[in-house]
Amino acid sequence: MSIEKFTEQIEKGYATEGAFFELGAAMFNNEPVEGLHVKIPLKTVNRHGLIAGATGTGKTKTLQVISEQLSNAGVPVLLMDIKGDLSGIAKANAGHPKIDERHQKIGLSYEPKGFPVELLTLSEEKGVKLRATVTEFGPVLFSKILDLSDAQQGVVAIIFKYCDDNKLPLIDLKDFKKMLNYITKEGADKIEQLYGKVSTASTGSILRKIIELESQGAERFFGERSFDPEDLMHISEDGTAQISVLRLVDIQDKPKLFSTFMLSLLAEIYATFPEQGDADKPKLAIFIDEAHLIFDKATGALLDQIEAIVKLIRSKGVGLFFVTQNPMDVPDAILGQLGLKIQHALRAFTAKDRKAIKLTAENYPISDFYNTDEVLTSLGIGEALVTALSEKGIPTPLAATYLRAPQSRMDVLSKSEIDDLVGSSKLVEKYYEEIDRESAFEILTAKIEEAQSEEHQKELKAQQVKAEKTVKEGKGESGGTEKKEDSFVNELSKNTMVRQMGRTLLREVSRGLLGALGVRTPRRRRRMF
């Protein structure tokens, strides 16, 4: 096929009437065609996307390029930075002769530029602290994150319902754990009357799942002040949109926390953003680096939730971009929803790799100019196969693309630069304070203590009454005996025989004692007649 036909196909396939950004120049016979630009319509960015490729092929730089171009077009961006190499987007590129040479081949001018950046964090890293309350998750999403059974989900629904009805805010995980304890102990009878009996086996299983989540640092994420998605939407006076970089370097081994945050944020965005439909450009773009961390250990229920959000959130003007090594890392149901696909080189070291490459090639449009599975293994650094959706929603022709270079620094910020960036942020100050207002934990604790105090007072009073009764009964029995004894003695003293016997007994006893002492007692003389 001739270069003329190739040029005609690319120009026609990537023609746009509305706003767009250029990724680079289309390649013919392994060389870029100057001025033959691969244009991505802003209108279809909310149809989501994929950036894939082996390690070291340039995925991160492509992510950086797209983020910069969206920011230039006034579209706010959120980057989930797993490897910690995206903070440099805040500073202008120092430039290099190879960058100038690259852009000359593409047919684009090059202007180094730094972008307005906010650093966000889920951990102790410096930046804006991100938090969300348990209530904001709702019973369904909270249950899916914990991977609960149907019976356990029912228990969670009861807890949320009871807290709503009784105005008990579920702010953090200690609130939820307090409720788990309450519904099986102090509040068990009340809960059973209202909603039915709750199994202690179910609450025990739920508690273990929560402890697992806490072991990945989730206790830092659940709480207040809740992050407001509107704080991602700042646009500078010159029309450049904010790029928010979520630093996730220290939670690479905590996929549960990563998934929890991502679903929380997407659910909050979907709940709060107005319907936008097919607008001229998206309202927000989110890039999820190392996306396999989400999908590798995700349960079926969690995957269903992600798939549902991916399908629905585009109507809110939000585009999601998954960045991973192999397209096979992304479930088919989600992969089929992605309009923009940028595929960097793959490596075929094993038979399994070769099979994966053939499967990957089938995800792209058939081309008259490329043998896709061969091109996938021969692409150089900074080159990729690209296909997008046109403004009419039609897949564009496959184009091997010589990608433009980032305008910003292709390296991380230094510690002092991070300190300066964080120090100048208004959002850091806004979200720095941890709010521990009265919530379910405090309210229930107070109620339980009050109830226990009342029970204790009742018990003490009952013991006092019992003691007083015992004393009274004891006094009554003692008085009656004395009276009886007095009455008996009096009766005996009135009897003459008894008196005489008493005197005789007393006299004989006295004699015995005196005789033992050697004293003779005078005998009574008999009266002689």
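For the structure, see preceding data.
Residues numbered from 1 in each chain as written. Predicted model: local features only at pLDDT ≥ 70, side-chain atom pairs only at ≥ 80, totals over all residues. Heavy atoms only, no water.

Asker: Outline the overall build of the chain, supporting the account with residue identities and numerical values.
Answerer: Of regular secondary structure, the chain possesses 19 helices and 12 strands. The buried share among the 529 residues of the chain stands at 47%. Within the chain, counting contacts between residues at least 6 apart in sequence, those at least 24 apart form 77% of the total. Entry remark: accessible area of the chain is about 27,600 Å², with carbon and sulfur atoms responsible for 51%. (Helix = DSSP H or I, 4+ residues; strand = E, 2+ residues; numbered from the N terminus. Buried < 20%, exposed > 50% of the residue type's maximum accessible area, 1.4 Å probe, protein only. Contact = heavy atoms within 4.5 Å. Areas by Shrake-Rupley, 256 points an atom, 1.4 Å probe, with all protein chains shown as cover.)

Asker: How would you sum up empty space enclosed by the protein? Please name residues and give values.
Answerer: Scanning the entire structure with this criterion turns up 2 cavities of 30 Å³ or more. What the largest cavity holds in volume is close to 140 Å³. In terms of lining, the largest cavity is formed by 14 residues, of which the most central are Ala 132, Phe 227, Ser 264, Leu 265 and Glu 268. Looking at the lining of the largest cavity, the elements with two or more residues in it are helix H4 (134–146) and helix H10 (255–272). For the lining of the largest cavity, the element with the highest residue contribution is H10, accounting for 5 residues. Grouping the constituent residues of the lining of the largest cavity by class yields 10 nonpolar, 1 polar and 3 charged. The computed volume of the second largest cavity comes to approximately 40 Å³. (1 Å grid on protein atoms, 1.4 Å probe; cavity = no way out; pocket = protein on both sides within 12 Å on 5 of 7 lines; lining within 4 Å. Points joined across faces, edges and corners; volume = space filled by probe spheres on them. Nonpolar A, V, L, I, M, F, W, Y, C, P; charged D, E, K, R; others polar.)

Asker: I'd like a description of the sheet that holds strand S8 (residues 284–288), backed by residues and values.
Answerer: As summarised here, the arrangement of the 12 strands in space is S2-S1-S12-S11-S10-S3-S9-S8-S4-S7-S5-S6, forming an open sheet in which the pairing is mixed. Looking at which strands have only one partner, the edges of the open sheet turn out to be strand S2 (31–41) and strand S6 (128–129). Bridge analysis of strand S10 (residues 340–343) against strand S11 (residues 383–387) gives 3 bridges, and the strand direction is antiparallel. Counted as the bridge partner of Ile 342 is Val 386 from S11. (Pairing = 2+ DSSP bridges.)

Asker: How would you sum up the packing of aromatic side chains? Please name residues and give values.
Answerer: Overall, the coordinates contain 16 aromatic pairs when judged by the stated rule. Measuring from centroid to centroid gives 5.2 Å for Phe 6 and Phe 369, while their planes differ by 75°, and the two rings are edge-to-face. Of the two residues, Phe 6 sits in helix H1 (residues 3–13) while Phe 369 sits in the loop between helix H14 (351–361) and helix H15 (372–378), which places them 363 residues apart along the sequence. Among the aromatic residues, ring-to-ring pairing joins Phe 137, Phe 142, Phe 160, Phe 176, Phe 221 and Phe 222 into one connected group. The ring of Tyr 402 carries Arg 102 above its face, with NZ or CZ at 4.2 Å from the centroid. Above the face of the Tyr 270 ring, Lys 316 is positioned so that its terminal group lies 4.7 Å from the ring centre. (Phe/Tyr/Trp six-rings, centres within 6.5 Å; stacked < 30°, edge-to-face > 60°. Lys NZ or Arg CZ within 6 Å of the ring centre and 35° of its normal.)

Asker: Tell me about the pattern of salt bridges, residues and numbers included.
Answerer: Scanning all chains against the criterion turns up 13 salt bridges. As a salt-bridge pair, Lys 177 and Glu 214 come within 3.1 Å of each other at their nearest N and O atoms. Here Lys 177 is found in helix H6 (residues 173–184), whereas its partner Glu 214 is found in helix H8 (residues 200–214), with 37 residues between them in sequence. Residue Lys 177 is classed as partly exposed on the basis of its relative accessible area of 26%. Through salt bridges with shared partners, a single network forms among Lys 83, Asp 289 and Glu 290. (Salt bridge = Lys/Arg side-chain N within 4 Å of Asp/Glu carboxyl O.)

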